[in-house]
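Descriptive structure summary
In case you want the letters, here they are:
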Amino acid sequence: MRPLHWLDAQPDARAAYIARIPLAARLGIRLGEVGPGRAVMTLPWRPELAGAPGDGAHRGVLAALLDNLCGAALMCALEQARGFSTLSLRMEYPAPAPAGADLRAVGHCRHFDGETAHLDAQAWADDVLVARAAATFILIPGRVALHGQDIGQEIGREIGHD
C-alpha cells in the first residue's frame, strides 16, 4: 500500500503549499482533500473575483483554479519529486458561475504517457458545473518540483512537524 502523501499526512501543510504559489494565494484558493493522483480545492466567493459587477467568478479565475488543481493532483500522483509544467489546458464553461457562490473543484491524474501526464478537473458553484478542464503537463527531468517532497519536508519543519 502506498504511504500517505505528505499533504495528506500533515493537514497544516496544505495552507503552506498554497502560500508558495503566489497566484493561488492571492486568489484565496484552498487545498482540501488529497489522495493518490487526486486533489480537491475550494475558492470562497469574493466580489473581486467577478467578471463584472453582479456576475459570478470570472472565467480566468476558473481557469487559474483548475490549472492549480491539476498541478496538485499531479504532484499527488508522482512517486518521487519531479518538476512539471502545464503544457496545455483546454477549458469548457458549461454554465456561468452564480454571483456569491463559493467554488469547489476536483482534479484527477488520469495517466502518464512517457514524460507527459494527462489530467482532468471540474469546478462547481452551488451544485452547478461551471467549468471543466483537460490538461496535459510535461514532466521535467532533473528538476526537483517546487512543491515536491523536499519542499514537503521544509514545510513540515515550518509548521513544527519534523
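Everything in this summary refers to the structure shown in the same document. (Residues numbered from 1 in each chain as written. Predicted model: local features only at pLDDT ≥ 70, side-chain atom pairs only at ≥ 80, totals over all residues. Heavy atoms only, no water.)

Examining unusual backbone geometry
So the rule is basically this: Secondary structure is summarised from DSSP: a helix means a run of H or I of at least four residues, a strand means a run of E of at least two, and numbering begins at the N terminus for each. Think of it in three bands: residues with accessible area under 20% of the maximum for their type are buried, residues over 50% are exposed, and the middle band is partly exposed, with areas taken using a 1.4 Å probe on protein chains only.
A positive phi angle, near 50°, is found at D126, a position not held by glycine. In this fold, D126 is placed in the loop between β5 (116-125) and β6 (128-140). What makes D126 exposed here is its relative accessible area of 56%. One non-glycine residue with positive phi stands out, namely D127, at about 65°. Here D127 shows up in the loop between β5 and β6. Note on D127: relative accessible area 77%, which makes it exposed.

Things to note about the packing of aromatic side chains
Quick reminder of the rule: The pairing test for Phe, Tyr and Trp rings, Trp by its six-membered ring, is centres within 6.5 Å, and the orientation test on the planes gives stacked under 30 degrees, edge-to-face over 60, and tilted for anything in between.
One pass over the full model with this rule turns up 1 aromatic pair. Ring centres 5.9 Å apart and planes at 55° place the aromatic pair F84 and F137 in the tilted group. On the criterion of sequence distance, the pair formed by F84 in strand β3 (residues 83-92) and F137 in strand β6 is long-range, its members being 53 residues apart. For F84, a relative accessible area of 17% puts it in the buried group.

With respect to the nonpolar core
Spelled out, the test is: Take the buried Ala, Val, Leu, Ile, Met, Phe, Trp, Tyr and Cys residues and link them wherever side-chain atoms come within 4.5 Å; each set so joined is a nonpolar core. Here a residue-residue contact requires only that any non-hydrogen atoms of the pair lie within 4.5 Å.
If you look at the biggest cluster of nonpolar residues, it comprises 46 residues, and the most contacted ones within it are L66, L74 and L119. Top element by residues in this core is helix α4 (residues 59-77). It accounts for 14 residues. Apart from the residues lying within four places of it in its own chain, the contact partners of L66 are M91, A105, A121, Q122, A123, A131, R132 and A133.

With respect to the state of the cysteines
Heads up, the condition is: The criterion for a disulfide is a pair of cysteine sulfur atoms lying within 2.5 Å.
Going through the model one piece at a time under the given rule, you end up with 0 disulfides. Cysteine C70 remains unbridged, with the sulfur of C109 as its closest cysteine sulfur at 9.0 Å. With no disulfide partner, C76 has as its closest neighbouring cysteine sulfur the one in C109, 9.9 Å distant. Looking at C76, the relative accessible area reads 1%, which means it is buried.

Quick look at the sheet that holds β3
This is how the line gets drawn: The criterion for strand pairing is that DSSP finds at least two bridges linking the strands in question. For helices, the fitted line uses only the C-alpha atoms of the stretch in contact; every axis is such a line through C-alpha atoms, and the angle between N-to-C directions lies from 0 to 180 degrees.
Taken in spatial order, the 6 strands line up as β1-β2-β4-β5-β6-β3 in an open sheet, and their pairing is antiparallel. Among the strands making up the open sheet, the edge pair consists of β1 (30-35) and β3. Across the sheet, the axes of successive neighbouring strands diverge by a mean angle of 20°, strand direction being ignored. Both strand β4 (residues 103-113) and β5 contribute to a ladder of 10 bridges, which runs antiparallel. Bridged to R104 within β5 is W124. This element, helix α2 (residues 12-19), spans β1 and β2 (38-43) of the sheet and lies at about 120° to β1. In the packing of α4 onto the sheet, the strands contacted are β1, β2, β3, β4, β5 and β6, and the crossing angle to β4 comes to about 50°.

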